[in-house]
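# Structural description and commentary
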Amino acid sequence: MNPLLKTVLLVDDDEATNFIHKMVIKNMNCTENIVIKENGIEALDYLTTAVDGKYPQPDLIFLDINMPAMDGWEFLEEYKDLDENQLAKTVIVMLTTSLNPDDKNRAQEINGITGFMSKPLTEELLEELLSKYFVA
């Protein structure tokens with residue numbers, strides 16, 4: 001598969017999880033760039049820092065819920081207030097170990113959240129996302 005996406009942003013505080021998810025994404029050869037941030041604050045800093053006058057605007061964000069400093073929910077509260085040119089282009093997926101149905105319901109009620117999936121990310125889950133949101 002040729003890269004469909006310019007950038008995928010992983011927001012998760014677990015190093016092993018990030019390693020596994022990065023390998024799955026690399027194996028799928030679906031993006032030019034994988035960026036990892038370990039909490040919501042780092043992710044917001046990344047999204048709001050222009051490089052050569054342009055903001056990163058990843059095509060896909062995988063967002064964990066439970067992280068130190070700023071969790072996924074807090075990130076989303078701040079994210080919705082960003083300027084249009086700082087937002088992700090298309091898809092934000094909550095990728096979590098949470099089995100709490102309240103978390104899934106909460107995610108479904110938030111505009112901009114495309115999906116809620118259980119970790120770990122697999123090639124099958126990624127293929128499903130790519131087919132649903134990025135392939136015509």
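A brief look at the structure comes next. Owing to the predicted nature of the structure, the values given are computational and were not obtained by experimental measurement.

## Overview of the sheet that holds strand 2 (residues 31-37)
- Overall, parallel pairing links the five strands, which are arranged 2-1-3-4-5 in an open sheet. The strands lining the two open edges of the sheet, one partner per strand, are strand 2 and strand 5 (113-118). The mean inter-strand angle of the sheet, taken between neighbouring strand axes irrespective of direction, is 20°.
- Sheet analysis places strand 1 (residues 5-11) next to strand 2, joined by six bridges and oriented parallel. Within strand 2, the position partnered with Leu 10 by the bridge is Ile 36.
- The strands that helix 2 (residues 40-47) touches are strand 1 and strand 2; relative to strand 1, the one it contacts most, it runs at about 155°.

## Thoughts on a nonpolar patch on the surface
- Together, Phe 19, Ile 20 and Met 23 make up a nonpolar patch on the protein surface, roughly 290 Å² of accessible area in all.
- Mapped onto the fold, Ile 20 is located in helix 1 (residues 15-28).

## Description of helix 2
- All of the buried residues along helix 2 are Gly 40, Ala 43, Leu 44, Tyr 46 and Leu 47. Looking straight down helix 2, one finds that the buried residues subtend no more than 160° of arc, so they occupy a single side.
- Each element contacted by the buried residues of helix 2 is listed here: strand 1, strand 2 and helix 3 (72-79).
- Between the side-chain oxygen at the start of helix 2 and the backbone nitrogen of Ile 41 there is a gap of 2.9 Å, and the oxygen is on Asn 39.

Quick notes on the rules
Residues numbered from 1 in each chain as written. Predicted model: local features only at pLDDT ≥ 70, side-chain atom pairs only at ≥ 80, totals over all residues. Heavy atoms only, no water. Pairing = 2+ DSSP bridges. Helix = DSSP H or I, 4+ residues; strand = E, 2+ residues; numbered from the N terminus. Axes fitted to C-alpha atoms, helices over the stretch in contact; angles between N-to-C directions. Contact = heavy atoms within 4.5 Å. Patch = residues over 30% accessible without salt bridge, like charges linked within 9 Å, V, L, I, M, F, W, Y side chains within 5 Å. Areas by Shrake-Rupley, 256 points an atom, 1.4 Å probe, with all protein chains shown as cover. Salt bridge = Lys/Arg side-chain N within 4 Å of Asp/Glu carboxyl O. Buried < 20%, exposed > 50% of the residue type's maximum accessible area, 1.4 Å probe, protein only. Arc of directions from axis to C-beta. Polar contact = N/O pair within 3.5 Å; in protein donor to acceptor, adjacent residues only side chain to side chain.

All quantities given are derived from atomic positions and should not be read as evidence of function.
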